[in-house]
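# Descriptive structure summary
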Amino acid sequence: MVTPTDSRVTIITGAGSGIGKATALRLAHAGCIICACDINEEGLRETAKAIQSSGRTCFTGRIDVRDRESVESWCSEVADRFGKIDCLFSNAGLNARSAFDEMTLTQWNLVIDTHVTGAFNFCQPVLRHMVERRSGAIVITSSDFAVVGVPNAANYCAAKTALYSLTKSLALEFASYGIRVNAIGPGPIDTPLLRSGRTQEQYESARRNFESRLPIKRLGQPEEVAAVVEFLLSSGAAYITGQLVQPNGGQVIW
Ligand SMILES: NC(=O)c1ccc[n+]([C@@H]2O[C@H](COP(=O)([O-])OP(=O)(O)OC[C@H]3O[C@@H](n4cnc5c(N)ncnc54)[C@H](O)[C@@H]3O)[C@@H](O)[C@H]2O)c1
């Protein structure tokens, strides 16, 4: 567990909502310095307000993870301001559901660029800082869908498998520098993303479907994923690297 005196500088992408927000709040409560970014300015403001109102530090950036130049300059700003980067939670994401036959190149590129290129854009500058200090921990948000296929989500599944693969390669490449890289593979978590691209009726039907077939008969909560991220970034996980850890209600067991 992270101790209450922990002041590790932690970058979180997609921190304005859902899993990223819950993780930012949890790690801030544990004493981490939170550097939160998102394209959702209102969500980001709410995250920062919640953290700062409890007397903790939250530095924010309106950053699009696809925009390499602004990612690099914001990471440098974080390192200059706080003197180090201890942890990265690369988590920003979205969905653009479509039958494969109807999937446009725009939908394909949006999902691949946001998830895969977005993670590349953050991991590279952050790892350069971590290598200098010979220490660091990264968690990348993949999904259960990294290891199973899902209809109408070929772009999302391809992106999530790529992120798992990226995680394994980075774990091997950077272990000798004292840096650990793991992925999480959440199941269905009750966040705005689960609703996106679905009407209320479609969402209710999907939720009932999840609840009936999941071994743990309910959707997961973002706080339950945040607890796993906290552990993976902590010294308690010092012997874990290159793994996909799945807070998924038993959705996929393999
Ligand atoms: N909710 C689920 O069921 C579920 C399951 C498995 C994996 N995930 C993954 O968890 C991660 C977080 O999703 P969530 O469920 O918390 O959804 P969410 O919609 O609540 O949060 C995602 C955040 O990412 C931000 N974002 C999107 N594109 C961005 C960009 N280009 N640059 C910066 N920020 C951007 C959004 O603005 C949003 O605030 C995603 O990678 C998602 O794929 C979610």
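## Let's talk about the sheet that holds strand E2 (residues 33–38)
- On the basis of which strands lie adjacent, the open sheet formed by seven strands has the order E3-E2-E1-E4-E5-E6-E7 and parallel pairing. The open sheet terminates on both sides in strands that have one partner only, identified here as strand E3 (58–62) and strand E7 (244–245).
- The pairing of strand E4 (residues 87–90) with strand E5 (residues 136–141) spans four bridges and is parallel. From the neighbouring strand, Phe 89 faces E5, where its bridge partner is Val 139.
- Of the strands in this sheet, E2 and E3 are in contact with helix H2 (residues 41–52), which crosses E3 at around 175°.

## Quick word on the site of the ligand
- In the vicinity of the ligand, 30 residues are found, and the nearest of them are Gly 14, Ser 17, Gly 18, Gly 93 and Leu 193.
- Secondary structure elements with two or more residues in the shell around the ligand: helix H1 (18–29), helix H4 (105–133) and helix H6 (192–195).
- Looking at the shell around the ligand residue by residue, the classes come out as twelve nonpolar, 15 polar and three charged.

## Examining the nonpolar core
- Counting residues in each nonpolar core, the largest one holds 66 residues, and the members touching the most others are Ala 24, Ile 34, Ala 36, Leu 88, Val 126 and Val 229.
- Once residues within four sequence positions are removed from consideration, Ala 24 is found in contact with Ile 12, Ala 15, Ile 34, Ala 36, Thr 47 and Ile 51.

## Details of the environment of Asn 91
- Its location among the elements puts Asn 91 in the loop between E4 and H4.
- Of the residues examined, Asn 91 has 28 C-beta atoms within 10 Å and is grouped as buried.
- Placed 71 residues apart in sequence, Asn 91 and Gly 20 show a C-alpha to C-alpha distance of 6.5 Å.
- Filtering out sequence-adjacent residues up to four positions away, Asn 91 remains in contact with Ile 12, Thr 13, Gly 14, Ile 19, Gly 20 and Thr 141.

Reading guide: rules and limits
Residues numbered from 1 in each chain as written. Predicted model: local features only at pLDDT ≥ 70, side-chain atom pairs only at ≥ 80, totals over all residues. Pairing = 2+ DSSP bridges. Helix = DSSP H or I, 4+ residues; strand = E, 2+ residues; numbered from the N terminus. Contact = placed C-beta atoms within 7 Å. Axes fitted to C-alpha atoms, helices over the stretch in contact; angles between N-to-C directions. Near = placed C-beta within 6 Å. Nonpolar A, V, L, I, M, F, W, Y, C, P; charged D, E, K, R; others polar. Core = buried A, V, L, I, M, F, W, Y, C linked by C-beta atoms within 7 Å. Buried ≥ 20, exposed ≤ 12 C-beta atoms within 10 Å, placed from the backbone.

Read these as layout, nothing more, since geometry by itself doesn't imply function.
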